[in-house]
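Geometric and topological summary
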Amino acid sequence: MLFGTQTINEQGHLEVGGCDTVELARVHGTPLYVMDEEALRQRCIEYREAFEAQADKPIVAFASKAFLCKAMVRLASEAGLHLDVASLGELRLVAEAGVPLDKVTLHGNFKKDEDLEAALELGIGLVAIDSIDEYRRLSELAVTRGVRQRSILRVSPGIDAHTLDAISTGRNDTKFGITVETGAALEALEECLSLPGIELIGIHSHIGSQILELEPFQLLAARLMDFLLSAREKPGWSAELVVLGGGLGIQYEETDDPPALQSLAGAIIDGIAREADERGLETPRIGIEPGRSIVGELGLTLYEIGPIKTVPSADGGTRTYVSVDGGLSDNPRPVMYDAPYPVLLANRAGEDASMEVRIAGRHCETDTLIPAAFLPEPKSGDLLAVQCTGAYNHTMASNYNFFYRPAVVFAKQGKAREVVRRETQEDLLARDLD
Ligand code: LLP
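Described below are features of the structure shown in this document. Since this is a predicted model, take the numbers as computed values, not measurements.

As for the pattern of salt bridges
Counted under the stated rule, the structure contains 25 salt bridges. Residues Glu78 and Arg41 are paired through a salt bridge, measuring 3.4 Å at the closest nitrogen-oxygen approach. A residue pair is termed long-range when its members are at least 10 positions apart, and Glu78 in helix 3 (residues 70-78) and Arg41 in helix 2 (residues 37-52) qualify at 37 residues. Judged by relative accessible area, which is 18%, Arg41 ranks as buried. The residue Arg145 makes a salt bridge to Glu121 at a minimum N-O spacing of 3.1 Å. One end of the pair, Arg145, is in the loop between helix 6 (132-144) and strand 9 (149-156); the other, Glu121, is in helix 5 (residues 113-122), and 24 residues separate them in sequence. Each of Glu37, Glu38, Arg41, Glu78, Lys412 and Arg417 takes part in salt bridges that share partners, so that together they form one network.

This is the structure:
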């Protein structure tokens, strides 16, 4: 599978953004995250345009936790997207990137006072309130500063998004948001409206990630409109903005068939309009917060292949283990979620890939990256490209075994620029004070 601007050149090498990946690995070292800059920009624009074509002033906000660095934040912002952050660190990076902070939303189920203080200080656009405790503290802090913070209330709508347990967040049994079904969300809304430091302009819900169907989003539209109907009846409040989170999946496997952006936009926008109309409510402004479906397919990781071993397997046959020079620390998702990834040999991308091997990381763990990958018979020194690592890889990387986190390169029109440098031993030792 090839994504974005990827092609295979005459030498049989994989190219991204007109850059030969073999050359990228030589210049920048491995493991290396490579992002397809022009395709990323196009994707951001396509996302915004898909929603703008069907709705009035929709807000498409890039969920920065999926892939965060200043270059990406600037790219998304230049493409007309808003941004989401989920911590003080993410907020500070976004501020450092110099993008307009009135187009940023702060998320998180435990925002500490220092997070809220920083958000107020920086003039953040929206706070997505996640708990009763939070809006009480936020209101007090805002009053102390003599401001009212524009906010949205995150509600938990009781929807099962048919995705992995660990990334399904819309069910009743979740730490996120305030439950609709028990009436807790409506009570919270009423209290919020009475607080002097909060200007509540809407509601929010994010039901999960890597969702490959439209139905959960349609169900969400209906549940949120039910909630808004009850809000209009009791406190007599109507929402100006309804944010439906992120969650659209990508093609990690041949069989994954994510809906097109136009279909997603249609399902959400028509869904909200229809459900609002049926209840006699005004159609609110719509917001969404895609992360994975913007960056996921447009990033890959390059690894050098090292030792290769063929060993007896449990089924009486043999298995070939191919070790690469990264693993759990640069991509924890296979170990955490059994997440699948497409692969190819970047330096022999045109060859027939019919040998089944297991790709192993180099940590002191059984950190299998890909349990069954099909490649041309690999040799030590070959270059492996693991596709679709643009989301939740760079941002979830760790220093396990004191590995240096990889550099990030943006490739565009034959030129590559390192936007995050590789970590060094000095970086890692800097915090060790003994
Ligand atoms: N909005 C909120 C409030 C979120 O919590 C998230 C993701 C998003 C938007 C973006 O969702 P996306 O469009 O990327 O699905 N580490 C997991 C994914 C965790 C998602 C967390 N929240 C993984 O690697 O699959």
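A closer look at the site of the ligand
With respect to spatial proximity, 19 residues lie near the ligand, and among them Ser209, Glu289, Arg292, Arg333 and Tyr392 are the closest. Measuring from a nitrogen atom of the ligand, one finds a side-chain N or O atom of Glu289 at 2.7 Å. Separating an oxygen atom of the ligand from a side-chain N or O atom of Arg333 is a distance of 2.5 Å. Residue composition of the shell around the ligand, grouped by class: six nonpolar, seven polar and six charged.

Comments concerning the pairing of strand 14 (residues 299-312)
Where strand 4 (residues 32-36) lies against strand 14, four bridges are found, and the strand directions are antiparallel. By the bridge assignment for strand 14, Tyr33 is matched with Thr301. Pairing of strand 14 with strand 19 (residues 383-386) involves four bridges; the strand directions are antiparallel. Within strand 19, the position partnered with Leu302 by the bridge is Ala385. Alignment of strand 14 against strand 15 (residues 318-324), held across six bridges, turns out to be antiparallel. Paired with Val311 across the strands is Arg319, a residue of strand 15. Between the antiparallel neighbours strand 14 and strand 15 lie five residues, among them Gly316 with a positive phi of about 90 degrees.

Criteria and cut-off values
- Residues numbered from 1 in each chain as written.
- Predicted model: local features only at pLDDT ≥ 70, side-chain atom pairs only at ≥ 80, totals over all residues.
- Heavy atoms only, no water.
- Salt bridge = Lys/Arg side-chain N within 4 Å of Asp/Glu carboxyl O.
- Helix = DSSP H or I, 4+ residues; strand = E, 2+ residues; numbered from the N terminus.
- Buried < 20%, exposed > 50% of the residue type's maximum accessible area, 1.4 Å probe, protein only.
- Near = heavy atom within 4 Å.
- Polar contact = N/O pair within 3.5 Å; in protein donor to acceptor, adjacent residues only side chain to side chain.
- Nonpolar A, V, L, I, M, F, W, Y, C, P; charged D, E, K, R; others polar.
- Pairing = 2+ DSSP bridges.

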